[in-house]
Amino acid sequence: DISTGVHRTTFTQNGIAYTREAFVSRPAQALVLRYTADKPGALSGSLKLRSGQPNTPVSASASGLFWDAVMPNKLRHACGLRVKNTGGKVSGEGGDTLRFAGCSSLIVTLCARTDYKPDFRAGWRGEAPAPVVARELAGASAKPYAQLLKAHQADLARLLERVTVRWGRQELQPSPMPSSSRRIKPIWHGFWSA
């Protein structure tokens, strides 16, 4: 839904309705996903976190997954994922996998950064990303889902309301003219800014 910035997927399997909602929150600097089912304890499975860079070690705990590594070009990159569950159990399994069983809902929060800094004098490198990721992840995962969603939607609404567009008026009756031959002049209101 472009007006709310929330991607929602629903499906039914074995008579159970599952829903996944996902959004990227600029205020929280996090990707947030919520998984729910209409039957208590119906969520079981696993989550994996892997870097696109080979040989990146991932550490797992009962609450999440994390990496802090260096690319061949010396760019540091860090990523963390935390899971909050309602009901059931979440446990770390191996280096890059979390298992969850018998959960009624899951809220997954992911934060990631590099130490890239757009400054030649600084050698294109800024602060270490791992402490920033840990701080952002702790802050975002401590908030209730509804609070994260509300802050995300308020931030997005402020950005979306900066511009409006009118595509012209449509005639009451459909025109016999093919759409490829019609001329509609858009009228722009507002402005774009970086």
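Source: prediction; values computed, not measured.

Parameters at a glance
Numbering of residues starts from 1 in every chain and runs along the sequence as written. Local features are withheld for residues below a pLDDT of 70 in this predicted model, meaning they are given only at 70 or higher, and side-chain atom pairs are given and counted only at 80 or more; totals for whole chains, interfaces and linings count all residues. Side-chain measures here rest on the full set of heavy atoms in the structure, leaving out hydrogens and waters. Going along the chain from the N terminus, every DSSP run of H or I of four or more residues is numbered as a helix, and every run of E of two or more is numbered as a strand. Contacts were defined at the residue level, with two residues in contact if any of their heavy atoms lie within 4.5 Å. Residue burial considers only the protein chains on display, and all accessible areas are found by Shrake-Rupley using a 1.4 Å probe. Any carboxyl oxygen of Asp or Glu that lies within 4 Å of a side-chain nitrogen of Lys or Arg is treated as forming a salt bridge with it. Relative accessibility under 20% of the residue-type maximum defines a buried residue, over 50% an exposed one, and the middle range a partly exposed one, all with a 1.4 Å probe and only protein chains included. Pairing between two strands requires that DSSP report at least two bridges joining them. Pairing of aromatic side chains here covers Phe, Tyr and the six-membered ring of Trp, requires ring centres within 6.5 Å, and sorts the geometry by plane angle: under 30 degrees stacked, over 60 edge-to-face, intermediate tilted. Every helix has an expected span of 1.5 Å times one less than the residues it contains. Directions are taken from the helix axis to each C-beta atom, and the arc is the one they span. Residues belong to a common nonpolar core when they are buried Ala, Val, Leu, Ile, Met, Phe, Trp, Tyr or Cys residues joined through side-chain atoms within 4.5 Å.

K.L.:
How do you make sense of the overall build of the protein chain when you look at a structure like this?
P.N.:
In terms of helices and strands, the protein chain carries two helices and twelve strands. Moving toward the C terminus, one meets the helices and strands of the protein chain in the order β-β-β-β-β-β-β-β-β-β-α-α-β-β. Taking the intrachain contacts of the protein chain between residues at least 6 apart in sequence as the baseline, contacts between residues at least 24 apart amount to 54%. When the accessible area of the protein chain is evaluated, it comes to approximately 12700 Å², of which 56% is carbon and sulfur surface.

K.L.:
Which parts of the structure should I look at to understand the pattern of salt bridges?
P.N.:
When charged atoms on two side chains of opposite charge get close, those side chains can pair. The full count for this structure, using the stated rule, is nine salt bridges. Between Asp-96 and Arg-50 there is a salt bridge, with its nearest N and O atoms 2.7 Å apart. Of this pair, Asp-96 sits in the loop between strand 8 (89-93) and strand 9 (97-103) while Arg-50 sits in the loop between strand 4 (43-48) and strand 5 (59-60), placing them 46 residues apart in sequence. A salt bridge links Arg-113 to Glu-136, with the shortest nitrogen-to-oxygen separation between them at 2.6 Å. In this pair, Arg-113 is assigned in strand 10 (residues 105-114) and Glu-136 in helix 1 (residues 129-141), connecting sequence segments 23 residues apart. Here Glu-136 falls in the buried class, since its relative accessible area comes to 15%.

K.L.:
I'm lost on the pairing of strand 3 (residues 30-37) in this one. Help?
P.N.:
For a regular strand, side-chain orientation follows a simple rule: the groups alternate between the two sheet faces. Relative to strand 3, strand 2 (residues 16-25) is paired through eight bridges, and the arrangement is antiparallel. Bridge assignment links Thr-19 to a residue of strand 3, and that residue is Thr-36. Adjacent in sequence and paired antiparallel, strand 2 and strand 3 are bridged by four residues, among which Gln-29 carries a positive phi angle near 55°. Across six bridges, the pairing between strand 3 and strand 10 is antiparallel. Counterpart to Arg-34 in the pairing with strand 10 is Ile-107.

K.L.:
Explain the packing of aromatic side chains here, please?
P.N.:
The description of two aromatic rings rests on the distance between their centres and on the angle between their planes. Within the structure shown, the criterion is met by three aromatic pairs. Judged by centre distance (5.2 Å) and plane angle (20°), the ring pair of Phe-11 and Tyr-18 falls under stacked. Classification of Phe-11 by relative accessible area gives partly exposed; the value is 44%. What makes Tyr-18 buried here is its relative accessible area of 14%.

K.L.:
What is the right way to read unusual backbone geometry from this model?
P.N.:
Of all residues except glycine, most have a negative phi; of all peptide bonds, most are trans. Phi angles above zero are rare outside glycine, and Lys-74 is one such case at about 75°. Tracing the backbone through its elements, the reader meets Lys-74 in the loop between strand 6 (64-70) and strand 7 (76-86).

K.L.:
Where do I start with helix 1 in this structure?
P.N.:
For helix 1, built from 13 residues, the straight-helix expectation of 18 Å at 1.5 Å per residue is met to within 8% by its first-to-last C-alpha distance of 18 Å. Those residues of helix 1 lying buried are Pro-129, Ala-130, Val-132, Val-133, Glu-136, Leu-137, Ala-140 and Ser-141. For helix 1, the buried positions fall inside an angular range of 160° around the axis, keeping them on one side. Summarising the contacts, the buried residues of helix 1 are in contact with strand 3, strand 6, strand 7, strand 10 and helix 2 (145-160).

K.L.:
Can you help me understand the nonpolar core in this one?
P.N.:
It is characteristic of soluble globular proteins that their nonpolar side chains tend to be buried jointly. With 22 residues, the main nonpolar core has Leu-43, Leu-81, Val-83, Val-90, Leu-98, Phe-100 and Leu-106 as its most contacted residues. Going through the elements one at a time, strand 2, strand 3, strand 4, strand 6, strand 7, strand 9 and strand 10 are the ones with two or more residues in this core. Each residue touching Val-83, except ones within four places of it in the same chain, is listed here: Leu-47, Ser-63, Val-90, Leu-98, Leu-106, Ile-107 and Val-108. In this structure, Ala-78, Val-133, Leu-148 and Leu-149 belong to the second largest nonpolar core, which totals 15 residues.

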